[in-house]
Amino acid sequence: MPSKRHPLPAFLVGMVEPVAYEHWLGRKAAAHLKRDRQRGYEGISGTLTPAVVASGGHDHYTGEALDWSLLSRYNNDESHAGRHGYKAGFALLPTVDHIESARTNSGFRICGWRTNDAKHDLSHAEFVELCLLVVKKAGFTIARAA
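These numbers were taken from a predicted model, which means no experiment stands behind them.

(A) Seen up close, a nonpolar patch on the surface. A surface patch of nonpolar side chains, about 260 Å² in accessible area, is lined by V135, F140 and I142. Mapping I142 onto the fold places it in the segment after helix 5 (124-137). Since its relative accessible area comes to 38%, I142 is described here as partly exposed.

Take a look at the structure:
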């Protein structure tokens, strides 16, 4: 039964069990609230639901479709045994990027675990600059879209 507090976004109906979504959402909210408090930012972690809905199921930064079926499937023991290969299978696991972590301005974006790991604590502009450097180093020419 879907939660009245956090209804399942329309794009997840039939793809994710409401209880798995609710569990994931609760864990992510608790983790971000804890991090905010450790940084002295009391009360800035709001609901994550608007970020999930705005994502439409895609990574905010890459546009890739996220694999919502991976919610609550990561296993630490299997990860330890499988190391990098195991974690690589969770590249498109939806996760939450906490952006603009400041007392007066905080928000969230939904992205894949791989993207969030790469972005880490960079601002959006810093992340884009890093990506540009990587792509240029690989020999590509960059041009801004018209």
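(B) The packing of aromatic side chains, seen in detail. Scanning the entire structure with this criterion turns up eight aromatic pairs. Centroid distance Y74 to Y86: 5.3 Å. Interplanar angle 55°. Geometry classified as tilted. In this pair, Y74 sits in the loop between helix 2 (49-55) and helix 3 (76-88) while Y86 sits in helix 3, placing the two residues 12 residues apart along the sequence. Taking the relative accessible area as the measure of exposure, Y86 reaches 16% and is therefore buried. Ring centres of Y74 and W113 lie 4.9 Å apart, and the angle between their planes is 80°; this geometry places the pair in the edge-to-face category. Of the two residues, Y74 is situated in the loop between helix 2 and helix 3 and W113 in helix 4 (residues 113-119); the sequence distance between them amounts to 39 residues. Three or more aromatic residues joined by ring pairs form one cluster here, namely F11, Y21, W24 and W68.

(C) Fine view of the pairing of strand 2 (residues 107-112). Burial of strand 2 is extensive: five of the six residues sit out of reach of the surface. The pairing of strand 1 (residues 94-99) with strand 2 spans six bridges and is antiparallel. Its bridge partner lying in strand 2, V96 is registered against I110.

(D) Just the pattern of salt bridges, in detail. Considering all chains together, one arrives at three salt bridges under this definition. Note that K87 and D117 form a salt bridge whose closest N and O atoms lie 2.6 Å from each other. Taken as a pair, K87 in helix 3 and D117 in helix 4 lie far apart in primary sequence, 30 residues in all. For D97, the salt bridge is made with K119, and the minimal N-O distance between the two is 3.1 Å. Of this pair, D97 sits in strand 1 while K119 sits in helix 4, and the two are 22 residues apart along the sequence.

Conventions we followed
Residues numbered from 1 in each chain as written. Predicted model: local features only at pLDDT ≥ 70, side-chain atom pairs only at ≥ 80, totals over all residues. Heavy atoms only, no water. Patch = residues over 30% accessible without salt bridge, like charges linked within 9 Å, V, L, I, M, F, W, Y side chains within 5 Å. Areas by Shrake-Rupley, 256 points an atom, 1.4 Å probe, with all protein chains shown as cover. Salt bridge = Lys/Arg side-chain N within 4 Å of Asp/Glu carboxyl O. Helix = DSSP H or I, 4+ residues; strand = E, 2+ residues; numbered from the N terminus. Buried < 20%, exposed > 50% of the residue type's maximum accessible area, 1.4 Å probe, protein only. Phe/Tyr/Trp six-rings, centres within 6.5 Å; stacked < 30°, edge-to-face > 60°. Pairing = 2+ DSSP bridges.

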